[in-house]
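Next come the chains, spelled out residue by residue.
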Amino acid sequence: MASTLAFFFVIGLVWYVKKLSHRVDALGKIIKASDKHREELKREVIELRSGTIGVGRRVIELENNISQQAAKLEETQEHDPKARLYSRATKMVSLGADVNELMIECELPRAEAELLLRLHRQDV
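Our subject in this report is the structure included herewith. (Residues numbered from 1 in each chain as written. Predicted model: local features only at pLDDT ≥ 70, side-chain atom pairs only at ≥ 80, totals over all residues. Heavy atoms only, no water.)

## Focus: the overall build of the protein chain
When helices and strands are counted, the protein chain shows 4 helices and 0 strands. Moving toward the C terminus, one meets the helices and strands of the protein chain in the order α-α-α-α. Taking 2.2 N^0.38 as the reference for a compact globule, 124 residues should give roughly 14 Å; the C-alpha atoms of the protein chain span a radius of gyration of 42 Å, well beyond that estimate. Taken along the three principal axes of its C-alpha coordinates, the protein chain extends 130 × 30 × 20 Å. (Helix = DSSP H or I, 4+ residues; strand = E, 2+ residues; numbered from the N terminus. Rg over C-alpha atoms; globule rule 2.2 N^0.38 Å.)

## Comments concerning the packing of aromatic side chains
Under the definition given, this model contains 1 aromatic pair. Plain terms: the ring middles of phenylalanine 7 and phenylalanine 8 are 5.8 Å apart, the flat faces sit at 65 degrees to each other, and that makes the pair edge-to-face. (Phe/Tyr/Trp six-rings, centres within 6.5 Å; stacked < 30°, edge-to-face > 60°.)

## A closer look at the nonpolar core
Ala89, Met92, Val93, Ala97, Val99, Leu102, Cys106, Leu108, Ala113, Leu116 and Leu117 form the largest nonpolar core, which has 11 residues in total. Within the residue set of this core, elements represented by two or more residues are α2 (81-94), α3 (99-106) and α4 (110-123). Among residues more than four places away in sequence, those in contact with alanine 89 are Leu102, Cys106, Leu108 and Leu116. (Core = buried A, V, L, I, M, F, W, Y, C linked by side-chain atoms within 4.5 Å. Buried < 20%, exposed > 50% of the residue type's maximum accessible area, 1.4 Å probe, protein only. Contact = heavy atoms within 4.5 Å.)

## Things to note about a nonpolar patch on the surface
Residues Phe9, Val10, Leu13, Val14 and Val17 make up a contiguous nonpolar surface patch of about 470 Å² in total accessible area. By secondary structure assignment, the location of phenylalanine 9 is in helix α1 (residues 2-79). By relative accessible area, which is 58% here, phenylalanine 9 ends up exposed. (Patch = residues over 30% accessible without salt bridge, like charges linked within 9 Å, V, L, I, M, F, W, Y side chains within 5 Å. Areas by Shrake-Rupley, 256 points an atom, 1.4 Å probe, with all protein chains shown as cover. Salt bridge = Lys/Arg side-chain N within 4 Å of Asp/Glu carboxyl O.)

## Things to note about the environment of arginine 49
Its place among the elements puts arginine 49 in helix α1. For arginine 49, a relative accessible area of 53% translates into the label exposed. For the pair arginine 49 and lysine 32, spaced 17 residues apart in sequence, the C-alpha separation works out to 26 Å.

## Comments concerning α3
All of the buried residues along α3 are Val99, Leu102 and Cys106. Mapping the buried residues of α3 onto a view down its axis gives an arc of 70 degrees, with all of them on the same face. Between the side-chain oxygen at the start of α3 and the backbone nitrogen of asparagine 100 there is a gap of 3.3 Å, and the oxygen is on aspartate 98. One or two steps after α3, the chain reaches glutamate 107, where phi turns positive at roughly 55 degrees. (Arc of directions from axis to C-beta. Polar contact = N/O pair within 3.5 Å; in protein donor to acceptor, adjacent residues only side chain to side chain.)

Structure, rendered in structure tokens:
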């Protein structure tokens, strides 16, 4: 009787170990799948980081380029005699000059002098 009881105990124990083994295998597969997914996400984060760094560098490069272009434009405007005349004419308009004064002092055609006056009046 004790041997029969021991036999059934061993059979039950073997069945329980097999059941646990299947659960361990299933958990192992889940862990492998989750590790694979984690590695994929890690690669994506690395790609995003390098892309962001590239975009940041490009933005800095463009900002520098814009600054250089603005400096060149300002320098060109300072050396351009026509730009100086228009700047002077605009200042004269703000001080109350009329069309004839603009035409004489800045050597502007009547249409341009009138246009400057109209533009200035819109700003006010």
